[in-house]
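Below are the chains, spelled out letter by letter.
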Amino acid sequence: MTHRISRAARVLATSLGAAVILPIAIAATPAGAAPAPTVSCTSGKAGLAAKLQKDITAALATRKGTVAVGLYDRSTNTTCTLRATTSFDSASTVKVTVLATLLWDAKKHNRYLTSTETSLATKMITQSDNASTTKLWNQLGLTKIKGFLAAAGMTKTTPGTGGYWGLTQINVTDEQKLLKLVTAKNTVLSDSSRAYILKLMGQVVSSQRWGTPAGAPSTVAVHVKNGWLSRSSNAWRVHSLGTFNGGGRDYMMSVLTVGSSTMDYGVATIQAVAKVIHKDLVPTTVAPQRFTPTSQPTEAFPAVPAS
């Protein structure tokens, strides 16, 4: 009898301990993230990696939610990553992939985009129009989209099924691969295709130019595509992809977030990271470009399943 009581007490103590510890463990280690992830940076410029690592870490120190960061600067051979392989719902950032797939497929068939495709692509990127995206997504089909992802080496990106392109699974590693393809000569995208993507990303409507462009100096050209999506689980997903070039600079960043209580909170998190990256990469007395979040997204939310 004594043995039974002792064993029951141990089981009870273990259960109580789990009840106390488990919520803390969940909060500290989001699904798909490594325990206590840290910013990792390397650079060909002395002192830059340590500065970026310190400043990005400080920018995120008080921010809630799960944040992934990717940075690459060709001019100094600098790379920074945080949660590089953690997956996120893409929301509208996948629209850059859709456009790249359209251009990649057209190149394979040695044809120009039709006037209809050009109109849809322009609305999709510059206004983040969902209806245009759906038409292009359906036109391409999953086979062509997966074909482009394979050609681009984006091996961990999984297209959303059932027409839910906004639920495509992305991570920082693959988004950085995409931005590298868009910003430098390669065999996947033609020079004219890359120029077209950058042109549209440079013409995004002002209300959607928040995120990674925040704090960018006026000496660099800004190209951006953002995404935002509210779901019943883990609140808001807010993401921003940006490329920046000019004045001897050539860099790109991807910041993906999930778990923000509001869209603006997610935007503020991204902009806190972006501002220190721009400051560290382009120390300048030139006034930075100012970008502020919109209180209401100008696009309709990407469609998602009811549950």
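Further up the page is the structure itself.
A quick note: this is a predicted structure, and the numbers were derived from the prediction, not measured.

### Observations concerning the nonpolar core
Counting 45 residues, the largest nonpolar core has Leu99, Phe148, Leu189 and Ile197 as the members making the most contacts within it. Mapped by element, the contributors of at least two residues to this core are strand E2 (66-73), helix H3 (94-108), helix H4 (115-126), helix H5 (130-152), helix H6 (172-183), helix H7 (191-201) and strand E8 (249-260). By residue number, the principal contributor to this core is H3, which donates 9 residues. When residues no more than four places from it in sequence are discounted, the contact partners of Leu99 are Ala121, Met124, Ile125, Tyr196, Ile197 and Leu200.

### Re the side chain of Gln271
Assignment of secondary structure puts Gln271 in helix H8 (residues 263-281). Classification of Gln271 by relative accessible area gives buried; the value is 7%. Setting aside its immediate chain neighbours within four residues, Gln271 contacts Trp210, Gly211, Ala214, Phe291 and Pro293.

### Quick word on the state of the cysteines
Each disulfide consists of a covalent bond between the sulfur atoms of two cysteine residues. For the structure on display, the rule yields 1 disulfide. Disulfide pairing places Cys41 opposite Cys80 at an S-S distance of 2.1 Å. What sets the handedness of the Cys41 and Cys80 disulfide is the S-S torsion sign, and at about 115 degrees it is right-handed. Of this pair, Cys41 sits in strand E1 (residues 40-42) while Cys80 sits in strand E3 (residues 78-82); the two residues are 39 residues apart in sequence, bridging distant segments of the chain. Of the residues examined, Cys80 reaches a relative accessible area of 1% and is grouped as buried.

### A short note on the pairing of strand E7 (residues 236-246)
Counting buried positions over the 11 residues of E7 gives 9, a clear majority of the element. Note that strand E6 (residues 221-230) and E7 share 10 bridges and pair antiparallel. Paired with Ser230 across the strands is Trp236, a residue of E7. When E7 meets E8, the two strands line up antiparallel, connected through 11 bridges. Paired with Trp236 across the bridge in E8 is Ser260. Here E7 folds back onto E8, and the loop between the two strands holds 2 residues, one of which, Gly247, carries a positive phi near 60 degrees.

### Here's the deal with the pattern of salt bridges
Inspection of every chain in the model, using the stated rule, returns 12 salt bridges. Asp55 is the partner of Lys279 in a salt bridge, and the nearest nitrogen-oxygen pair spans 3.7 Å. Placement of Lys279 in helix H8 and of Asp55 in helix H2 (residues 48-60) is noted, with a sequence separation of 224 residues between them. Classification of Lys279 as partly exposed rests on a relative accessible area of 45%. In this structure, Arg74 engages Asp250 in a salt bridge whose closest nitrogen and oxygen atoms are separated by 3.2 Å. You can see Arg74 sitting in the loop between E2 and E3 and its partner Asp250 sitting in strand E8, a full 176 residues away along the chain.

### Here we look at the pairing of E3
Only one face of E3 is buried: it carries Thr78, Cys80 and Leu82, and the other face, with Thr79 and Thr81, is open. Sheet topology places E1 next to E3; 3 bridges connect them, and they run antiparallel. Of the residues in E3, the one forming a bridge with Thr42 is Thr79. Between E2 and E3, which follow one another and run antiparallel, lie 4 residues, and Asn77 among them has a positive phi close to 50 degrees.

Cut-offs applied
- Residues numbered from 1 in each chain as written.
- Predicted model: local features only at pLDDT ≥ 70, side-chain atom pairs only at ≥ 80, totals over all residues.
- Heavy atoms only, no water.
- Core = buried A, V, L, I, M, F, W, Y, C linked by side-chain atoms within 4.5 Å.
- Buried < 20%, exposed > 50% of the residue type's maximum accessible area, 1.4 Å probe, protein only.
- Helix = DSSP H or I, 4+ residues; strand = E, 2+ residues; numbered from the N terminus.
- Contact = heavy atoms within 4.5 Å.
- Disulfide = S-S within 2.5 Å.
- Pairing = 2+ DSSP bridges.
- Salt bridge = Lys/Arg side-chain N within 4 Å of Asp/Glu carboxyl O.

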